[in-house]
Amino acid sequence: MMFFLEKRDLPELLRRAGAFFEIIAPVLINGEPQLVSWRGEDLALSAPNPLLPPTRLFLPPRETLFTYLQESGLYTFEVPEVRNRLIFGLRPCDLRALSLLDRIMLAEPFDELYSKRRRSTAIIALNCTEPDESCFCAQMGAGPEAHEGFDLLLTDLGERYLLETGSPAGIMLARASEELLERGDDVEKRKLMRESRDRIMSARPWLSPERMRSRLREIDWRSLSEECISCGGCSFVCPTCHCFTIADLGLPDGERIRCADSCILSGFHRMASGANPKARAEERLSSWYMEKLEHMPVRTGLLGCVGCGRCDRVCFSGLHRTDIFR
Amino acid sequence: MQVMALDAIETTCVYCGCGCGLYLHVENNKIIAVTPSLKPPARGRLCAKGWLLHGFANHPDRLREPLMRRGDRHVQTSWSEALSFIARSFDEIKRDSGPDALAVLTSAKATNEENYLLMKLCRAALGTNNIDNVARLCHAPTLFALGSSLGSGSMTNPIASLLHSDVIMIIGSNTTEQHPAVALHIMEARRNGARIVAVDPRRTKMAKIADLHLQLRPGTDIALLNAILSIVIREGMIDEEFIRSRTEGFVDILDHIAEYTPEVAERICGVPAGLIHDAAVMYGGAEAAAIVYAMGITQHAHGTDNVQAIVNLALATGNLGRDGSGIYPLRGHQNVQGACDMGALPDYYTGYQKISEFREKFEGAWDVELPASQGMTAVEIMSSAGSEIRGMYISGENPALSYPDSSRIRKSLESLDLLVVSEIFPTETTRMADVVLPIASFAEKYGTVTSTERKVQLIRKAIDPPGNALPEWVVAARLLEIFGISSGYDTSADVMREIAALTPSYGGISHERLERGGIHWPCPTQEHHGTPVLYRDGFPRGRAVFRHVDQRGMEDERFTLIIGRSQYHFHTGSMTRRVCILEREVPEAFVDMNPRDAAALGIRNGTGLILESESGTIRARARLSDDVREGMLFMPFHFRESPANMLTEWQLDRFSKIPALKMVSVSIRREDA
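What follows covers the overall build of chain A. From N to C terminus, chain A includes 11 helices and 12 strands. Over its C-alpha trace chain A gives a radius of gyration of 21 Å, about what one expects of a compact globule, namely 20 Å for 326 residues. Seen through its principal axes, chain A has C-alpha atoms that stretch 65 × 65 × 40 Å. Counting over 326 residues, chain A shows a buried share of 43%. Long-range contacts, defined here as pairs at least 24 residues apart, represent 71% of the contacts in chain A between residues at least 6 apart.

Structure follows, in structure tokens:
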């Protein structure tokens, strides 16, 4: 179903959704967009996509899997509760990344905590009518328009929004704000999305997954990684990265935590014997791209790069630029 | 609901002195993620330690309650009992042995407000100037040499100034690994055409991408820098106008400098004369040249002379007071600059106001009589512990691992009548304490810290401290009250107001202003915008001074061990070794060794080694690497299992009293031999 929503009514729609969900939305904090619990602040919808990918709300970089308490030799365990959430303003690229994570985390062996969070979270996605310079979602087939995976989808038509429902939950959310909505159509949206897509494509007309794959074996990874400091930043902001490590902290009481890990770090690959098949930065870097462009598609049917450009935005040595595939 | 909410709080990183901004993403009173701030200096970047900063604040090992020694155990107690015990015990020592039997070591991880209040506690309540901080172990020579020659003992230009440099000389700094945000600017400058000269006994990451790498013998920096200066003079590349109008003492050093020909330097440093010549021409020929240095320069028994050799070179070429030029001493701790600025030094009050000149001002402000005699420096305090010094308050420091000759330090600390240690985690030093105070970490309090580029920035509270832990400014304020000095601080912003009122260089700084971004001191008034580049219009002392320094004789040692840090750990590891991924990256100490040396001794990668110096013996595994020269070894000092500082000695620089922590001669043998 399609509706028009006046821009001034968006906060009211969110407030009503707030009766069922904790609302997470991008807000400017000290001038920079961050995903936080929304308490009625101005929404940062024209700012660049926050650096923390929203996929990390389902698989936090540090999370407690359970706490353990020892008493007279017996252990009791406590599992953290998961709350109903609504993420507002998720971009199509991140939505695609979430679909990819679903195919990994919800396949056997099924990840319980991820699944719980996933099932208790509603999503209002936002199409990108004003893409950032660093965006190449269109080339990766992940944006600038979302087609599935959302409960509601907004498109900024200038004066008002187009609101589209994508799930039964989305229809319910729309019903809760029925009188704010007016029946709508996607004529204008289609024009805007075409323009946005053209803008992204024309910034890098040569870029495509095929091009990237064929360049993988030609790139001089050694000289490219000369300045790489192996900070792991690219993997910590990548919305499709999901590797983790687990540690028990504290004896006799404590917690089992799960921590985002990074294949950019050398120790990630080191074996028990001490031997390391990827001891050099260039090997880790090329295998990171290999994973995104070749292995993930084989495993999930989806490309591991969604063109969000975050890796480039945080790279110390400026090596994660799309130019390397030119 | 409020407690569970997802929030993002902008703050400043706790590790090195770069002062990178970052956001802590918080949920349910736990840090769940970290992302970089887009503001300078790092502009959206972090190092691995920064990305993994969510790893230690919520660790169950955190100290949660005050502890007091009962026999050989620590038992939990209340704050009021712990603090009144401390006050009583300090009073007793003071009555029996005088105030100078007490000493305070403040923390470079604590805020400016906390350092200030501990400084006030030490001087106004305990009545002694025996106060110092870890700067004594890192940049005391910088403070002395830059202070006496130029007027201010700190970085002359902001980090971003490096983007305007044509040539950047990096000496004794593993910048990429230890000051990544500075390296970021150097690499960016390099991409835009700047040329890089790396001077380092090790082939560091920076040395690998440098245009020139001068791989000198450890400890021979003065010979090298003097030779560079002599070539610059001979080739007519000096800035005569600058020397004439803004400096003094140049003619006095000319004759001495002429003795340091490239050939002489080659013999001393082991660097080919031609390469020295190339470096000199590169530096001397630049429009704007910068010198970046760190512990490789300062941590020597001739550390002050090393820094002076750098000053001489920069002065002779007029490389001060302009964008892209300058001298960049890189500070190793989040707030080691601030600890010094706050007067946690035996001879200065805040803002480097000498106790000999400004005592009356502070007596008036605090309404108390202050001690007149200069206090002892950190290493002197340690060496008098158990004799002249009987009671000590150590804030957030782990001298049992970080000070030279650790076994001697442990004995000193054990022989104190009262040792108070405030910390966030149990350490080798808290183990020896009579009272342990649990302190709020950087993520659990408000305050300000001053980065290596003299930039005062806010840290903001993101989560609650564990258990009954308190911000240290609250602890210091309570102690002041017990000692009868009314404080009346409700927030750390109140403390900053007092600092600003007493400190000209911080005069215009307030928490309200810092909400809008950091400010480079000096910032004398509310209207002043701060001073990123020093000495644009002259030197505060009138003319900058040349002072000739000579290379000391070097003994020919079989092995010289260089001690430093790893990129994945910080200092004595009390924080980073509790971050599982960082601990996985570098789980134990290593000794980098040249493969040719290793072959001669039958050592392979991973062979257990025994290292022995005059001070002690430790064990660590060998790691073969071409990055060190023959006859040279390198190891980090983070690991209590292989405490590198068991090997170092109490050799002090005569000006700044810094101990020679950087290198020590050792003998090695295979563990199984």
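Following the structure, the description resumes.
Moving on to the overall build of chain B. Within chain B, the regular secondary structure consists of 24 helices and 26 strands. The globule rule puts the C-alpha radius of gyration for 673 residues at 26 Å, and the 24 Å found for chain B is close to it. Along the first, second and third principal axes, the C-alpha set of chain B runs to 70 × 65 × 55 Å. The long-range fraction of contacts in chain B, counting pairs at least 24 apart against all pairs at least 6 apart in sequence, stands at 73%.

A separate point is the interface of chain B and chain A. Taken together, the contact between chain B and chain A spans 35 residues of the former and 40 residues of the latter. In terms of residue class, the side of chain B that touches chain A is built from 21 nonpolar, nine polar and five charged.

What follows is about the sheet that holds strand S7 (residues 121-126) of chain A. Residues and elements named next belong to chain A. A sheet is described by the order of its strands in space; here eight strands give the open sequence S3-S2-S6-S7-S8-S9-S1-S10, paired in mixed fashion. Whereas interior strands pair on both sides, the edge strands pair on one side only; in this sheet they are strand S3 (32-37) and strand S10 (181-183). Shown here is a sheet whose adjacent strand axes are inclined to one another by a mean of 30 degrees, direction ignored. Pairing analysis gives six bridges linking strand S2 (residues 22-29) to S3, with the strands arranged antiparallel. Paired with Pro-26 across the two strands is Leu-35, which belongs to S3.

The next thing to look at is the sheet that holds strand S7 (residues 131-132) of chain B. Paired through backbone hydrogen bonds, the strands of a sheet run either parallel or antiparallel to each other. All names here are of chain B. Read from one edge to the other, the open sheet built from seven strands follows the order S5-S4-S16-S15-S14-S6-S7, with strand pairing classed as mixed. Of all strands in the sheet, those bounded by a partner on one side alone are strand S5 (73-76) and S7. The sheet contact formed by strand S6 (residues 102-105) and S7 spans two bridges and is parallel. Residue pairing in the sheet places Val-104 in a bridge with Ile-131 of S7. Most of the contacts of helix H3 (residues 112-126) go to S6, to which it runs at about 170 degrees, and overall it touches S6, S7 and strand S14 (391-395).

What follows deals with the pairing of strand S9 (residues 195-199) of chain B. Residue and element names in this part refer to chain B. The buried fraction of S9 amounts to five of the five residues, a majority that puts the element mostly inside the structure. Neither face of S9 is open: one carries Arg-195, Val-197 and Val-199, the other Ile-196 and Ala-198, and all of them are buried. Sheet topology places strand S8 (residues 167-171) next to S9; five bridges connect them, and they run parallel. The residue bridging Val-167 from the neighbouring strand is Arg-195, located in S9. When S9 meets strand S10 (residues 212-214), the two strands line up parallel, connected through three bridges. The residue bridging Val-197 from the neighbouring strand is Leu-212, located in S10.

Here we take up the nonpolar core. Counting 322 residues, the largest nonpolar core has Ile-24 of chain A together with Leu-121, Ile-168, Leu-224, Ile-228, Ile-291 and Ile-310 of chain B as the members making the most contacts within it. Contact partners of Ile-24 of chain A, with chain neighbours within four places excluded, come to Leu-35, Val-36, Ser-37, Trp-38, Leu-57, Arg-85, Leu-86, Ile-87 and Phe-88 of chain A together with Leu-6 of chain B.

It is worth spelling out the confidence of the model for chain B at this point. Model confidence for chain B is summarised by a mean pLDDT of 95, while 99% of its residues fall at 70 or above. Confidence estimates for the predicted assembly give a pTM of 0.96 and an ipTM of 0.97.

Here we come to the domain arrangement of chain B. Residues and elements named next belong to chain B. Taken as a whole, chain B is organised into domain 1 (67-137 + 334-455 + 464-512), domain 2 (140-329) and domain 3 (559-670). Distance between the C-alpha centres of domain 1 and domain 2: 35 Å. Listed per partner, the contact involves seven residues of domain 1 and six residues of domain 2. A breakdown of the residues in the side of domain 1 that touches domain 2 according to their chemical character gives two nonpolar, two polar and three charged.

This part takes up the packing of helix H7 (residues 209-216) of chain A against helix H10 (residues 281-300) of chain A. Any two packed helices are characterised by the angle at which their axes cross and by the distance between the axes. Residue and element names in this part refer to chain A. Viewed as axis vectors pointing N to C, H7 and H10 meet at an angle of 145 degrees, and their least axial separation amounts to 10 Å. Classified by chirality, the crossing of H10 by H7 is left-handed. Contact with H7, carried on its side by Pro-209, Met-212, Arg-213 and Leu-216, involves Ser-286, Tyr-289, Met-290, Leu-293 and Glu-294 of H10 and no other residues of that element. For the contact of H7 with H10, the per-class residue count stands at six nonpolar, one polar and two charged.

Now for the pairing of S6 of chain B. By the alternation rule, side chains of S6 of chain B split into Leu-102 and Val-104 of chain B and Ala-103 and Leu-105 of chain B, which are all buried. For the handedness criterion, the β-α-β arrangement of S6 of chain B, H3 of chain B and S7 of chain B is classed as right-handed.

Residue and element names in this part refer to chain A. Over its 20 residues, H10 runs 27 Å from end to end, which matches the ideal 28 Å to within 8%, given 1.5 Å per residue. At Glu-291, H10 shows its maximal kink, close to 45 degrees. Residues Ala-281, Arg-284, Leu-285, Trp-288, Tyr-289, Lys-292 and Leu-293 constitute the buried set of H10. Buried-residue contacts for H10 involve H7, helix H8 (221-224) and helix H9 (233-237).

Our focus in this paragraph is helix H12 (residues 273-284) of chain B. Residue and element names in this part refer to chain B. Its 12 residues place the ends of H12 16 Å apart at the C-alpha level, agreeing with the 16 Å of an ideal helix rising 1.5 Å per residue. Of all the residues in H12, the buried ones are Ile-276, Ala-279, Ala-280, Tyr-283 and Gly-284. Taken down its axis, H12 places every buried residue within 120 degrees of arc, on the same side.

Turning to unusual backbone geometry, a few remarks are in order. Residue and element names in this part refer to chain A. Residues Leu-251 and Pro-252 are joined by a peptide bond in cis, for which omega reads -5 degrees. Here Pro-252 is to be found in the loop between strand S11 (244-249) and strand S12 (254-260). The phi angle at Asn-30 is positive, at roughly 50 degrees, despite the residue not being glycine. Relative to the elements of secondary structure, Asn-30 occurs in the loop between S2 and S3. Residue Ser-230 is not a glycine yet carries a positive backbone phi of 50 degrees. Tracing the backbone shows Ser-230 in the loop between H8 and H9. Since 23 C-beta atoms lie within 10 Å of it, Ser-230 is described here as buried.

Residue and element names in this part refer to chain B. Mapped onto the elements of the fold, Val-545 is located in strand S20 (residues 544-545). Spatially, the C-alpha atoms of Val-545 and Gly-321 are 15 Å apart, while their sequence positions differ by 224 residues. When near neighbours in sequence (up to four residues on either side) are disregarded, Val-545 contacts Ser-149, Glu-248 and Gly-249.

Turning our eyes to something else, we now look at the environment of Asn-112 of chain B. All names here are of chain B. The residue Asn-112 is located in helix H3 in this model. Residue Asn-112 is classed as buried on the basis of its C-beta count, with 29 C-beta atoms lying within 10 Å. For the pair formed by Asn-112 and Arg-621, sequence separation is 509 residues and the distance between their alpha carbons is 40 Å. If we skip the residues at most four places from it in the chain, Asn-112 touches Asn-335, Gly-338, Asp-341, Met-342, Gly-447, Thr-448, Val-449, Thr-450 and Ile-499.

Residues and elements named next belong to chain B. Within the secondary structure, Arg-460 sits in the loop between strand S18 (455-459) and helix H20 (472-482). Assessed through the 16 C-beta atoms surrounding it within 10 Å, Arg-460 is described here as partly exposed. In this structure, the C-alpha to C-alpha distance between Arg-460 and Glu-515, residues 55 residues apart in sequence, is 9.9 Å.

Basis of the calculations
- Residues numbered from 1 in each chain as written.
- Chains lettered and ligands numbered in written order.
- Predicted model: local features only at pLDDT ≥ 70, side-chain atom pairs only at ≥ 80, totals over all residues.
- Helix = DSSP H or I, 4+ residues; strand = E, 2+ residues; numbered from the N terminus.
- Rg over C-alpha atoms; globule rule 2.2 N^0.38 Å.
- Buried ≥ 20, exposed ≤ 12 C-beta atoms within 10 Å, placed from the backbone.
- Contact = placed C-beta atoms within 7 Å.
- Nonpolar A, V, L, I, M, F, W, Y, C, P; charged D, E, K, R; others polar.
- Pairing = 2+ DSSP bridges.
- Axes fitted to C-alpha atoms, helices over the stretch in contact; angles between N-to-C directions.
- Core = buried A, V, L, I, M, F, W, Y, C linked by C-beta atoms within 7 Å.
- pLDDT = per-residue confidence, 0-100.
- Domains from an automatic or database assignment.
- Left-handed = near helix turned anticlockwise from the far one by under 90°.
- Right-handed = clockwise from strand over helix to strand, strands pointing away.
- Expected span 1.5 Å × (residues − 1).
- Bend = angle between axes of the 7 residues up to and from the residue.
- Arc of directions from axis to C-beta.

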